[in-house]
Amino acid sequence: MYNFDVEKPTSIADAVAALGREEAQPISGGQTLIPTLKARLAMPSVLVSLRGIAEMQGISTDGQGRLCIGGGTLHAVVAKEAAAQYPALAGLAARIGDPAVRNRGTIGGSVANNDPSACYPSAVLASGATVVTNAREIAADDFFEGMFATALEEGEIVTEVKFPIPEKAHYEKFIQPASRFPLVAVFVAKFADGVRVAVTGASENGVFRWTDAEDALSSNFDAGAIEGLTVDGGGMISDLHGSGDYRAHLVGVMTKRAVAALT
Amino acid sequence: MPKDGGIGASSKRREDIRFLTGEGNYTDDINLHGQAYVFFLRSDIAHGTLNSVDTSAAEAMPGVVKIFTGADFEAVGSIPCGWQVTDKHGEVMQEPRHPVLAHGKVRHVGEPIAAVVAESLSEARDAAEAIVLDITDLPAVIDMKEAVKAGAPKVHDDLTSNLCYDWGFVEENKGAVDQAFKDAAHVTTLELVNNRLVANPMEPRVAVGDYARGTGDHTLYTTSQNPHVIRLLMGAFVLGIPEHKLRVVAPDVGGGFGTKIFHYQEEAFCTFAAKACNRPVKWTSSRSEAFMSDAHGRDHVTKIQMALDKDNNFTALRTDTYANMGAYLSTFAPSVPTWLHGTLMAGNYKTPLIYVNVKAVFTNTVPVDAYRGAGRPEATYQLERLVDKCAHELGVDPIALRRQNFITEFPYATPVAVEYDTGDYVATMDKLEEISDMAGFAARRTASEAKGKLRGFGVNCYIEACGIAPSNLVGQLGARAGLYESATVRVNATGGLVVMTGSHSHGQGHETAFPQVIAEMIGIPEDMIEIVHGDTANTPMGMGTYGSRSLAVGGSAMVRATEKIIAKAKKIASHLLEASEGDIELKDGAFSVAGTDKSVAWGDVTLAAYVPHNYPLEDIEPGLEETAFYDPSNFTYPSGAYACEVELDPETGHVTIERFAAADDFGNIVNPMIVTGQVHGGLAQGIGQALMENCTYDSDGQLLSASYMDYAMPRASDLPFYTVDHSCQTPCTHNPLGVKGCGEAGAIGSPPAVVNAVLDAMRSGGKDVGHIDMPVTPARVWAAMNG
Ligand SMILES: Cc1cc2nc3c(=O)[nH]c(=O)nc-3n(C[C@H](O)[C@H](O)[C@H](O)COP(=O)(O)OP(=O)(O)OC[C@H]3O[C@@H](n4cnc5c(N)ncnc54)[C@H](O)[C@@H]3O)c2cc1C
């Protein structure tokens with residue numbers, strides 16, 4: 001780790017101001033950022049901790065019935081407090097990492113980081129959620145721009161994520177045996193007006209919607225409906241843990257299993 | 001009735017109180033006054049010419065005490081190799097120089113190039129980043145078969161090739177073996193890879209060097225399984241410090257698994273630098289450094305063949321292995337694929353003719369050496385996979401084929417130079433069939449299939465050679481050390497005992513098990529006995545702990561020393577009781593005169609030894625302290641049979657271990673609970689190798705599995721509840737305790753059972769692929785099922 005200053009603002013406005021300093025970077029749970037710092041792969045001069053900002057904490061429901069989760073909310077809190085309203089999302093949060101990770105890591109950090117193997121981005125995208133920042137609201141479809149890339153501007157922070165609650169949803173995760181992040185995971189959300197299917201872990205471009213499956217499932221919400229549909233292994237991640245073809249195959253299997261769990 | 005003390009009792013592990021309450025004293029807990037910290041700048045390329053190391057900017061950085069490079073070690077010895085193998089032509093192996101810090105060339109990712117000693121670790125690291133390296137990349141030598149081709153780039157320019165040795169065993173048998181293959185009714189051939197592993201003890205390596213200018217005494221605190229061996233290797237061969245001026249302390253050590261046997265550069269560096277800087281120098285490995293600097297394990301590429309007659313009797317076996325040495329020869333590396341591997345190729349079978357060829361190869365990778373089982377898992381894996389393949393090719397039951405070829409008469413001299421003293425392979429197989437509930441398998445398979453899963457059952461046998469010895473034999477085989485063990489038993493005036501053993505405990509539970517033996521011999525409570533180990537200053541010269549040798553060899557030394565104690569104590573007792581020595585009996589902590597009610601307590605005799613007022617001073621010296629060195633006459637040969645039951649998800653290739661049964665014969669058992677724990681741990685490592693663990697390099701020599709993000713360790717949820725039985729006991733005939741060793745069995749015996757079970761599951765799904773390499777990951781299973 002290199003040396004850095006730490007700022008601990010208590011409001012979003014103060015955080016944004018602090019982020020205006022040279023080489024400043026936000027830190028939430030630190031579950032991704034601290035290992036990066038320890039490996040000396042990043043050298044921010046100021047870390048702006050978002051942990052003390054009360055307005056970024058907690059879960060509520062808005063006028064449109066959306067589940068609104070503060071950007072600083074811990075995975076463990078989502079696992080517990082979203083269970084009644086959005087069990088698939090709570091279940092996803094409950095299986096991120098281990099208890100230590102879940103009691104430090106935050107939804108804002110996970111969504112902003114957009115690791116191609118992270119869990120949350122699939123839920124955000126499949127739910128058609130809205131990512132709220134200090135400056136604007138960004139639709140999920142516009143937010144995730146590729147591996148570790150998002151629509152966030154320099155110094156912009158995720159303050160909240162608003163999830164429309166589907167009629168039913170399921171997250172099916174096949175773990176990479178070492179890291180236990182998804183090797184491939186699929187979030188299927190069925191709304192009155194259609195089905196959304198988001199895939200994480202698989203693509204070199206990060207989380208994506210499997211639109212062929214969405215179309216098939218929107219007209220026939222049954223695991224059989226995606227029989228014969230395939231994704232191309234070409235753009236898939238190929239590494240120690242599986243080839244692109246294997247991942248492409250798993251996308252189909254996980255989607256089928258997610259739907260089967262709901263029917 | 002289970003005993004509540006002594007041999008055979010499941011006494012609770014006394015050392016766990018300090019381990020589980022955070023009271024252990026590990027090397028990293030040792031912080032000496034004025035200590036400085038070292039950070040090693042390690043190579044991030046696999047192979048290159050080291051043109052220059054410019055430390056000038058770094059020297060000026062804050063906190064820097066001194067910076068060392070390879071040039072500082074030119075006058076210092078090479079990190080030595082402790083075993084010299086002679087090849088099939090009678091030539092000794094090629095042995096490269098192994099510098100403390102790289103000089104002239106870098107040969108693997110992770111090799112230390114420079115060392116910065118500074119006031120703090122972060123200052124040392126900052127300064128290391130300011131060191132300017134000029135390295136010209138050379139093509140990396142990674143694939144072993146490519147490495148030995150003519151014209152391949154050489155890891156060591158001063159050697160004739162990348163071939164360390166080409167070993168044939170037993171060379172005189174080769175012609176007869178080849179003839180038997182020509183005459184065979186059936187030949188089964190199998191090519192396989194024994195995957196490279198990283199040991200991953202929970203505690204990473206640590207070294208603290210200290211030097212007392214006033215006396216000229218050196219001390220090294222280090223995470224070692226064998227402090228005396230380190231003292232000898234480092235003192236005599238690297239730094240030129242005689243034993244009486246060098247103390248090596250290995251305090252509590254958090255797991256070794258073999259990788260903490262070896263003498264490493266960092267130990268020599270800290271000892272050297274402490275004198276050069278005139279202050280203590282400490283190094284604590286990070287987990288990332290451990291992946292690229294702890295000796296790795298396994299990494300064999302093998303072709304093995306079995307010849308059978310028309311009645312399915314094994315008539316001959318031959319096997320060719322390429323064994324990866326890595327870039328340098330680690331301490332015992334040459335012995336692992338040869339004497340710890342070739343001598344085990346008979347397994348549990350009476351195959352009359354065997355020939356083993358091993359080519360040891362230098363590559364631009366981390367050195368490879370002993371890892372839990374060391375050579376024996378590699379032998380067991382190839383043999384037991386081959387026997388299973390034979391059975392399937394012949395359409396016979398794999399267990400029946402094994403039983404038909406079992407060795408049933410002991411002692412049995414194998415065609416690969418060892419003599420098994422005892423064993424009962426039929427009994428362990430019978431026990432396995434019972435405890436694994438083979439009869440219920442069909443119903444369990446049906447239940448799995450109803451869920452869309454495949455279920456497979458796999459078995460294997462194993463034999464291992466533990467308690468590595470005797471010294472005169474291993475000397476002939478190339479060991480540059482003896483393999484005895486030592487113990488000093490000191491009886492205190494009031495009757496308590498302290499045993500100073502040359503064995504080292506790094507999780508095995510010696511502090512509990514060793515006292516059980518003495519408690520049994522004397523008839524006193526276990527808590528009257530204390531075990532001291534791990535410090536060359538207060539233990540006799542010993543060879544340390546590895547190869548499941550502690551109780552068989554170290555325990556035997558302790559028994560011999562205790563026998564001397566008892567003999568002397570009887571002399572004292574006979575004097576006190578005014579009886580003849582031959583009539584004195586020791587029972588339940590008291591000496592009595594046979595056939596009378598006259599007796600004297602243990603404590604009265606020990607007191608007399610130290611307060612010799614009424615004492616036969618003309619016959620014996622006062623005091624009660626004895627030392628014994630025990631050099632066994634043979635290895636011990638634990639054996640057993642293991643069964644694994646897996647469920648396989650054909651859609652994803654994911655395999656889960658549903659049941660695992662182990663029937664072992666460890667001879668006599670001192671503490672059944674500790675033995676069970678050792679088997680559990682070994683099984684976890686064997687299953688880890690079979691299903692998950694894989695150390696992988698790319699063709700440029702970059703370590704791809706360099707952290708837990710990519711190197712998969714087994715976790716509790718990956719493992720079943722084991723069924724473990726060690727009631728089959730054929731005691732070892734040549735050590736006083738009749739014990740055989742249990743530390744490695746689980747790791748040796750489990751990988752073939754897992755792979756055999758996976759292949760069985762795949763066959764039940766209509767796919768017979770013949771073989772699949774470890775680790776049997778979901779991706780590999782899926783590819784095999786759909787290939
Ligand atoms: C052992 C382990 C296992 C894990 N397993 C999983 C898993 O299975 N699935 C999974 O999805 N994740 C997993 N994670 C990652 C974990 O979920 C992280 O918590 C998460 O990815 C990052 O959240 P954080 O709050 O810790 O962010 P930090 O590490 O603090 O920050 C991550 C990045 O986001 C930026 N950032 C943080 N907060 C904000 C914000 N509000 N707005 C804008 N930028 C911000 C930071 O500057 C940094 O670049 C694992 C982590 C560990 C250590």
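Colleague: How should the overall build of chain A be read in this particular structure?
Modeller: The helix and strand tally for chain A stands at 10 helices and 14 strands. What you see for chain A is a C-alpha radius of gyration of 18 Å, in line with the 18 Å of a compact globule of 263 residues. Counting only C-alpha atoms and orienting by the principal axes, one finds that chain A spans roughly 55 × 45 × 30 Å. Taken over 263 residues, chain A has a buried fraction of 55%.

Colleague: Even after reading the chapter, I still don't get a negative patch on the surface, so can you show me in this structure?
Modeller: Together, A:Glu22, A:Glu23, A:Asp142, A:Glu145, A:Glu153 and A:Glu154 make up a region of like negative charge exposed at the surface. Assignment of secondary structure puts A:Glu22 in the loop between helix 1 (12-18) and strand 2 (24-27).

Colleague: Honestly, the packing of aromatic side chains in this entry has me stumped. Any pointers?
Modeller: Aromatic rings in a pair are described by how distant their centres are and how their planes are angled relative to each other. Residue and element names in this part refer to chain B. Counted according to the given criterion, the structure contains 33 aromatic pairs over all chains. Here Phe68 and Phe269 contribute two aromatic rings whose centre-to-centre distance is 5.0 Å and whose plane-to-plane angle is 90 degrees, an arrangement assigned as edge-to-face. You can see Phe68 sitting in strand 3 (residues 64-69) and its partner Phe269 sitting in helix 7 (residues 265-277), a full 201 residues away along the chain. Assessed through its relative accessible area of 0%, Phe269 is described here as buried.

Colleague: I would appreciate a short explanation of the interface of chain A and chain B in the present structure.
Modeller: Many authors give the size of an interface as the accessible area that is lost as the parts come together. Residue-level contacts link 23 residues of chain A with 23 residues of chain B. In this assembly, chain A packs against chain B so that about 1,800 Å² is buried in total across both faces, 52% of it on carbon and sulfur atoms. When residues of chain A are sorted by the area they lose upon contact with chain B, A:Arg40, A:Arg180 and A:Leu240 head the list and together hold 31% of the total. The shortest N-O distance in the salt bridge between B:Glu651 and A:Lys256 comes to 3.7 Å. At the junction of chain A and chain B, the tally comes to 15 residue pairs in polar contact (both at pLDDT 80 or more).

Colleague: Whenever I open this one, the sheet that holds strand 26 (residues 639-648) of chain B confuses me. Can you help?
Modeller: The strands making up a sheet associate through hydrogen bonds between their backbones, and the pairing can be parallel or antiparallel. All names here are of chain B. Ordered in space as 18-26-27-28, the four strands form an open sheet in which the pairing is mixed. Each edge of the open sheet carries a strand with a single partner, namely strand 18 (454-463) and strand 28 (722-725). Along the sheet, successive strands turn relative to each other by an average axial angle of 10 degrees, direction set aside. Sheet analysis places strand 26 next to strand 27 (residues 655-665), joined by 10 bridges and oriented antiparallel. Each residue of the ladder has a partner; that of Glu647, found in strand 27, is Thr656. In this fold helix 11 (residues 425-435) packs onto strand 18, strand 26, strand 27 and strand 28, with an angle of close to 145 degrees to the strand it touches most, strand 27. Packing against the sheet, helix 18 (residues 745-764) makes contact with strand 18, strand 26 and strand 27, and its axis sits at approximately 150 degrees to strand 18.

Colleague: Quick question: what am I supposed to make of the packing of helix 4 (residues 87-94) of chain A against helix 7 (residues 120-127) of chain A here?
Modeller: Packed helix pairs are specified by the crossing angle of their axes together with the interaxial distance, meaning the distance between the axes. All names here are of chain A. Their axes nearest at 10 Å, the elements helix 4 and helix 7 cross at an angle of 165 degrees. Taken together, the axes of helix 4 and helix 7 are roughly antiparallel relative to one another. Relative to helix 7, helix 4 is oriented so that their crossing is left-handed. For the pair formed by helix 4 and helix 7, the contact residues are Leu89, Leu92 and Ala93 on the first element and Tyr120, Ser122 and Ala123 on the second. Its residues placed into classes, the contact of helix 4 with helix 7 shows five nonpolar, one polar and no charged.

Colleague: What's the story with a nonpolar patch on the surface in this structure? I'm lost.
Modeller: Together, B:Leu607, B:Tyr610 and B:Val611 line one region of the surface with nonpolar side chains, adding up to about 230 Å² of accessible area. Structurally, the position occupied by B:Val611 is in the loop between helix 16 (602-610) and strand 25 (625-630).

Colleague: Even after reading the chapter, I still don't get helix 10 (residues 398-405) of chain B, so can you show me in this structure?
Modeller: Think of an α-helix as 3.6 residues a turn; residues three or four steps apart then line up on the same face. All names here are of chain B. Looking only at helix 10, the buried set comprises Pro398, Ile399, Leu401, Arg402 and Asn405. Looking straight down helix 10, one finds its buried side chains confined to an arc of 160 degrees; they lie on one side. On its buried face, helix 10 sits against strand 13 (300-308), strand 14 (314-326), helix 9 (376-394), helix 11, strand 18 and helix 18.

Colleague: In this structure, what is going on with the pattern of salt bridges? I would like to understand it.
Modeller: One side chain can pair with another of opposite charge once the charged atoms of both are near each other. As enumerated under the stated definition, the model contains 60 salt bridges over all chains in all. Because the salt bridges share partners, they merge into one network encompassing B:Asp437, B:Arg444, B:Lys451, B:Arg455, B:Glu645, B:Glu647 and B:Arg659.

Colleague: Quick question: what am I supposed to make of the site of the ligand here?
Modeller: Residue and element names in this part refer to chain A. Close to the ligand lie 31 residues; Pro26, Ser28, Gly30, Thr106 and Cys119 are nearest. Between the ligand and the protein, one listed contact pairs a nitrogen atom with a backbone N or O atom of Gly97 at 3.3 Å. Its free accessible area being 960 Å², the ligand has 89% of it covered by the protein chains. The set of elements that each furnish at least two residues to the shell around the ligand consists of strand 2 and helix 6 (107-113). With five residues, helix 6 is the single largest residue contributor to the shell around the ligand. Classifying every residue of the shell around the ligand gives 14 nonpolar, 14 polar and three charged.

Colleague: Help me out: how do you make sense of the domain arrangement of chain B in this one?
Modeller: Residues and elements named next belong to chain B. When the domains of chain B are assigned, the result is domain 1 (27-138 + 202-255 + 260-293), domain 2 (300-468 + 634-785) and domain 3 (484-630). Distance between the C-alpha centres of domain 1 and domain 2: 36 Å. On the domain 2 side, the residues contacting the 30 residues of domain 1 number 30 residues. Carbon and sulfur atoms supply 68% of the area that domain 1 and domain 2 bury against each other, a total of about 2,400 Å² over both sides. Considering only the side of domain 1, the residues that lose the most area to domain 2 are Trp83, Phe262 and Phe291, jointly responsible for 29% of the buried surface there. The tally of links between domain 1 and domain 2 comes to zero salt bridges. Linking domain 1 to domain 2 there are eight residue pairs in polar contact (both at pLDDT 80 or more).

Colleague: Explain the side chain of B:Asp760 to me, please; I cannot follow it from the model alone.
Modeller: Residues and elements named next belong to chain B. With respect to the helices and strands, the residue Asp760 is situated in helix 18. On the accessibility criterion, Asp760 (15% relative accessible area) is buried. Apart from the residues lying within four places of it in its own chain, the contact partners of Asp760 are Phe441, Arg445, Arg455, Gly456 and Phe457.

Colleague: Explain the state of the cysteines here, please?
Modeller: What we call a disulfide is simply a covalent bond connecting the sulfur atoms of a pair of cysteines. Residues and elements named next belong to chain B. Evaluated as defined, the whole model comprises zero disulfides over all chains. Free cysteine Cys390: the closest other cysteine sulfur is in Cys461, separated by 13 Å. We note that Cys742 lacks a disulfide partner, and the nearest cysteine sulfur, in Cys466, lies 8.5 Å from it.

Colleague: For this particular structure, what's the right way to read the pairing of strand 28 of chain B?
Modeller: Every regular strand shows the same layout, with side chains that alternate between the two sheet faces. Residue and element names in this part refer to chain B. The pairing of strand 27 with strand 28 spans four bridges and is classified as parallel. For Ala663, the partnering residue across the bridge sits in strand 28 and is Asp725. Remark: the strand 27/helix 17 (residues 672-691)/strand 28 crossover connection has right-handed handedness.

Cut-offs used in this document
- Positions within a chain are numbered from 1, following the residues in the order the chain's sequence is written.
- All chains are assigned letters beginning with A, and all ligands numbers beginning with 1, in the order in which they are written.
- This being a predicted model, a pLDDT of at least 70 is required before a residue's local features are given, and a value of 80 or more before pairs of side-chain atoms are given or counted; all residues contribute to the totals for chains, interfaces and linings.
- Side-chain calculation: all heavy atoms of the structure are included, whereas hydrogens and water are not.
- Think of it this way: any DSSP run of H or I at least four residues long counts as a helix, any run of E at least two long counts as a strand, and we number them from the N terminus.
- Two things to know: the radius of gyration comes from C-alpha atoms, and the globule rule equals 2.2 Å times the number of residues to the power 0.38.
- Relative accessibility decides the category of a residue: with a 1.4 Å probe and only protein chains considered, values under 20% of the type maximum give buried, values over 50% give exposed, and everything between is partly exposed.
- Each patch is built from residues that are more than 30% exposed by relative accessible area and take part in no salt bridge. Like charges join if they lie within 9 Å; nonpolar side chains (Val, Leu, Ile, Met, Phe, Trp, Tyr) join within 5 Å.
- Residue exposure ignores everything except the shown protein chains as possible cover, and the areas themselves are Shrake-Rupley values with a 1.4 Å probe.
- A pair is scored as a salt bridge if a Lys or Arg side-chain nitrogen falls within 4 Å of a carboxyl oxygen belonging to Asp or Glu.
- The charge count treats Lys and Arg as positive and Asp and Glu as negative. His and the chain ends do not count.
- Working definition for charges: the position is that of NZ of Lys, CZ of Arg, CG of Asp or CD of Glu.
- Centre distance within 6.5 Å is the pairing criterion for rings of Phe, Tyr and Trp, where only the six-membered ring of Trp is used; planes under 30 degrees apart are then read as stacked, over 60 as edge-to-face, and the remainder as tilted.
- When checking whether two residues touch, look at their non-hydrogen atoms; a contact exists if any pair is within 4.5 Å.
- A simple way to read buried area is as the amount of 1.4 Å-probe accessible surface that goes missing from two parts once joined, with both sides added.
- Distance and chemistry together define a polar contact, namely a pair of N or O atoms within 3.5 Å, with one atom able to donate a hydrogen and the other to accept it when in protein, and with adjacent residues in sequence counting only for side-chain atoms on both sides.
- Strand pairing is defined by DSSP finding a minimum of two bridges between the two strands.
- Where helices are involved, their axes are fitted lines through C-alpha atoms of the stretch in contact, as for all axes, and angles between N-to-C directions lie from 0 to 180°.
- Convention used here: angles under 35 degrees read as roughly parallel, angles over 145 as roughly antiparallel, angles from 65 to 115 as roughly perpendicular, and any remaining angle as oblique.
- Definitions for this section: a left-handed crossing has its near helix turned counterclockwise from the far helix by less than a right angle. A right-handed crossing has that turn clockwise.
- Throughout, the ten residues Ala, Val, Leu, Ile, Met, Phe, Trp, Tyr, Cys and Pro are labelled nonpolar, Asp, Glu, Lys and Arg are labelled charged, and all others, Gly among them, are labelled polar.
- This arc describes the spread of directions from the helix axis toward the C-beta atoms.
- For each residue, the test is whether any non-hydrogen atom lies within 4 Å of the molecule or strand; if one does, the residue is near.
- Domain start and stop positions are those given by an automatic or database domain assignment.
- Pairs of cysteine sulfur atoms within 2.5 Å are what we label disulfides.
- The handedness of a crossover follows from its direction of travel: if, with the strands pointing away from the viewer, the path from the first strand over the helix to the second runs clockwise, the crossover is right-handed.

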